[in-house]
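# Structure assessment
Now for the letters of each chain:
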Amino acid sequence: MHFQWDWLCLGVLIISSVTAEIENKETVDADVEVEDFDKQSQQADVDRDKSSLEVVYQTPKPTGEVYFTETFDGVLSGWVLSKTKKEDTDDNIAKYDGRWEVEELKENTVSGDRGLVLKSVAKHHAISAMLTKAFVFNNKPLIVQYEVNFQEGIDCGGAYIKLLSSSDDLNLEYFFDRTPYTIMFGPDKCGEDYKLHFIFRHKNPKTGEYDEKHAKRPDVDLKKFYLDKKTHLYTLVLKPDDTFEMLIDQSVVSKGSLLEDMVPPVNPPKEIEDPSDKKPDDWDERPKIPDPNAVKPDDWDEDEPSKIEDPDAVKPEGWLDDEPQYVPDPNAKKPKDWDEEMDGEWEAPQIPNPKCETVPGCGHWVRPMKNNPKYKGKWKAPMIDNPNYQGIWSPRKIPNPDYFEDLHPFEMTTVSAIGLELWSMTSDIYFDNFIICSEKEVADRWAADGWGLKKLVASANEPAMFSQLVTAAEDHPWLWVLYVLTLALPVGLGVLFCWPAKKTDEDIDFTKPDIAKQITKGELKREREELEDDEIELEEEKENEDTAEDERREMEETKRELIKDTEKIGGEAPPSEDEGEGGEDIYDEEEENEVADGSQEEGDKSNKSGSEDEMKEADESTGSGDGLLKSVRKRRVRKD
């Protein structure tokens, strides 16, 4: 039973592991439940006989204060295409002439829901729009959120946005890569480098110059967000306490502090290395030096090669010295357009010699090489501690003349416009549902009405569970072990608990109760008497065994005496009647003794019988008188 409970516990653990893996996969895939979906956006009629989810889409509407929103469901108003050129670039590609379109998704389409799509390949794209209200960094958080779908995957290109800095000379028609921005945020990928940018431009309070500060790379694997061809929600949250969060599909993938987790740091170091300080010429940084007193041994030969021919090697039997390793292809034919004047004399291509396939080798045999036991290489003096070692030199520190301390980098330059300035080698990058606000609840409700609906449709159109499991196992091969254990567990538990087990004698004795039986006084007395009789019989058998042993020893002694008497007489005489009778008497007496000793063992009887026959033959052969027979009788009687 204890063994069965162990199996049950093991099964629970395995099921828990599989459940945890599924939950983890859902979390990594950013399958986050969105709270407080708008009831109207949740209206869906699921047809079980169809592979898609039919929904009624309504354009999301903000539920609180916002600085910018865009759904692209109506007329594309307020957005301005750039008419300028990219500087320091060839004129052929410098112009921002990439094409934009407003259209529905190619897959998991929601009727009526449209987005902005980048259509051109290997071209510069630039489009921008003014915010409804400029965002000033003071005491309110900044939340920037939008959707991206790489409908064709992505080879090299970005899908990030720029929040343009407020200025009097900001002209969206001349928006290009060097237009001042405050924040850049969004996905970017080229080759196998998958990035999620968060860059802000920080103003140096001393010089007034701007420096880009980059957030550290997220620890999450971003690859799937670029290749799964699903719509993903990207969110940036900046808080007045100088902290930030980056989220994908409402799951945090990176967070940190503007003061501690940006590269380079916002605040420069208080001290810097003195640029005028130089290392002294006699400064010794070598911790180890060759021993100046070491001498190369006399027997050290630097000319010995590292490899030599093996003198013990023997050419394999069957080696074909006269056959080349390669021969011209007999099936090759000279091309019809071969011009010997231009191309030279045509020669058939070489192929491996077919005669060499069944033998150890062909051509000139060369002894194989082996390590030279005498090789020592170039001699070098052993290293010893440097007595003049002074450590690694570093220039002295001086106060940083450019040092400053900005305790609140959140107070950035005011933002008044949003723009997309992109280059891509892949088309059909889909953007939708931009929102800039300060309240998390407003952004979540906006996401529920837009991205949440897309996620529901995509989930309804996903392949069957089996296909998802196979896909997950392709990314994580160790999942096959869990699958096998999960399938084998119910079978094993069923056999363990349901298969009838064979009962052993111990189990029967343990489980079978003793039946009480009444015993009368007379039966109890008879049993006691039977036990006493058994004890007496055992004692008699023991005494009989002792007696038989004594008798055997005495018969052997009698035999030896008869042999001695026979030797004394030294002659043979015909047996007399008395001797015959005496022999018969002795035989009869022995038979009577054998009957009396019937309880003796079979081995004792055979020994006794043999001794008596020998004694009888001795009597018949001696031909002596009554004296010898009487002596035997006396011994027999004495024995009896």
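Quick note: structure is the one above.
Structural notes, computed from the coordinates. (Residues numbered from 1 in each chain as written. Predicted model: local features only at pLDDT ≥ 70, side-chain atom pairs only at ≥ 80, totals over all residues. Heavy atoms only, no water.)

The secondary structure content of the chain amounts to 13 helices and 27 strands. Going through the 640 residues of the chain one by one, you find that 33% of them count as buried. Within the chain, contacts between residues separated by at least 24 positions form 76% of all contacts whose residues are at least 6 apart in sequence. (Helix = DSSP H or I, 4+ residues; strand = E, 2+ residues; numbered from the N terminus. Buried < 20%, exposed > 50% of the residue type's maximum accessible area, 1.4 Å probe, protein only. Contact = heavy atoms within 4.5 Å.)

Below, the discussion takes up the side chain of Ser165. Tracing the backbone shows Ser165 in strand S10 (residues 161-165). There is a polar contact of 3.4 Å between the side chain of Ser165 and the backbone oxygen of Tyr181. Sequence-distant contacts of Ser165, that is, excluding residues within four places in its chain, are made with Leu170, Pro180, Tyr181, Thr182, Arg201, Thr413, Thr414 and Ser416. (Polar contact = N/O pair within 3.5 Å; in protein donor to acceptor, adjacent residues only side chain to side chain.)

Our next topic: helix H8 (residues 479-498). Counted at 1.5 Å a residue, the expected span for H8 with its 20 residues is 28 Å, and the 29 Å between its end C-alpha atoms agrees. Of all the bends in H8, the greatest, near 30°, is centred on Ala488, and the proline Pro490 appears no more than four residues after it. When we look at burial in H8, the residues that qualify are Leu479, Leu482, Tyr483, Leu489 and Leu493. (Expected span 1.5 Å × (residues − 1). Bend = angle between axes of the 7 residues up to and from the residue.)

This paragraph deals with the environment of Glu304. Here Glu304 is to be found in the loop between strand S19 (288-290) and strand S20 (307-309). Between the C-alpha atom of Glu304 and that of Lys374, which follows or precedes it by 70 residues, the distance is 6.7 Å. Residues contacting Glu304, with those up to four places away along its chain left out, are Asn372, Lys374 and Tyr375. A distance of 2.8 Å separates the side chain of Glu304 from the side chain of Asn372, its partner in a polar contact.

What follows concerns the environment of Ala381. Of note, Ala381 is situated in the loop between strand S23 (369-371) and strand S24 (383-385). Under the relative-accessibility criterion, Ala381 is labelled partly exposed at 22%. C-alpha separation for the pair Ala381 and Asp291, spaced 90 residues apart in sequence, amounts to 5.8 Å. With near-sequence residues (within four places) excluded, Ala381 lies in contact with Pro290, Asp291 and Ala294.

Note: strand S4 (residues 79-81) against strand S7 (residues 123-135), 3 bridges, orientation antiparallel. From the neighbouring strand, Val80 faces S7, where its bridge partner is Ser128. Pairing analysis gives 9 bridges linking S7 to strand S26 (residues 415-424), with the strands arranged antiparallel. For Ala129, the partnering residue across the bridge sits in S26 and is Ile418. (Pairing = 2+ DSSP bridges.)

Helical periodicity: at 3.6 residues per turn, an α-helix aligns residues three or four positions apart in one direction. The buried fraction of helix H6 (residues 451-460) is high, at 7 of 10 residues. For H6, the full list of buried residues reads Trp451, Gly452, Leu453, Lys454, Lys455, Val457 and Ala458.

As a further point, take the state of the cysteines. Under the criterion given, the structure shown has 2 disulfides. Across the disulfide from Cys156 sits Cys190; the S-S distance is 2.1 Å. Here the disulfide of Cys156 and Cys190 is left-handed, its torsion about the S-S bond being about -90°. One end of the pair, Cys156, is in strand S9 (residues 156-158); the other, Cys190, is in strand S11 (residues 181-190), and 34 residues separate them in sequence. (Disulfide = S-S within 2.5 Å.)

A word on the nonpolar core. Membership of the largest hydrophobic core comes to 62 residues, with the highest contact counts inside it found for Ile183, Phe198, Leu238, Ile418 and Phe431. Setting aside its immediate chain neighbours within four residues, Phe431 contacts Phe72, Trp100, Gly115, Leu116, Tyr146, Glu147, Val148, Ala159, Leu420 and Leu422. One finds Val237, Ile435, Val442 and Ala443 within the second-largest nonpolar core, a separate group that totals 9 residues. (Core = buried A, V, L, I, M, F, W, Y, C linked by side-chain atoms within 4.5 Å.)

Time to look at the pattern of salt bridges. Should their charged atoms come close, side chains of opposite charge can pair. Taken as a whole and judged by the stated rule, the model has 30 salt bridges. Between Glu87 and Arg178 there is a salt bridge whose closest N-O contact spans 3.0 Å. Here Glu87 is found in the loop between S4 and helix H2 (91-94), whereas its partner Arg178 is found in the loop between S10 and S11, with 91 residues between them in sequence. Judged by its relative accessible area of 48%, Arg178 is partly exposed. (Salt bridge = Lys/Arg side-chain N within 4 Å of Asp/Glu carboxyl O.)

All right, on to a negative patch on the surface then. A contiguous patch of negative charge on the surface is contributed by Asp337, Asp339, Glu341 and Asp343. Tracing the backbone shows Asp337 in the loop between strand S21 (326-328) and helix H4 (340-343). (Patch = residues over 30% accessible without salt bridge, like charges linked within 9 Å, V, L, I, M, F, W, Y side chains within 5 Å. Areas by Shrake-Rupley, 256 points an atom, 1.4 Å probe, with all protein chains shown as cover. Lys, Arg positive; Asp, Glu negative; His and termini not counted. Charge placed at Lys NZ, Arg CZ, Asp CG, Glu CD.)

Among the structural elements, Asp241 can be located in the loop between strand S14 (232-238) and strand S15 (243-248). With 101 residues separating them in the primary sequence, Asp241 and Lys140 have C-alpha atoms 9.9 Å apart. Among the polar contacts made by the side chain of Asp241, one reaches the side chain of Thr243 at a distance of 2.6 Å.

Each neighbour pair has its own omega, and for Val263 with Pro264 the value is -10°, a cis peptide bond. You can see Pro264 is positioned in the loop between strand S17 (262-263) and strand S18 (271-273). Even without being glycine, Asp242 reaches a positive phi, approximately 65°. Since its relative accessible area comes to 4%, Asp242 is described here as buried. Residue Asn433 is not a glycine yet carries a positive backbone phi of 55°. Within the secondary structure, Asn433 sits in strand S27 (residues 429-437).

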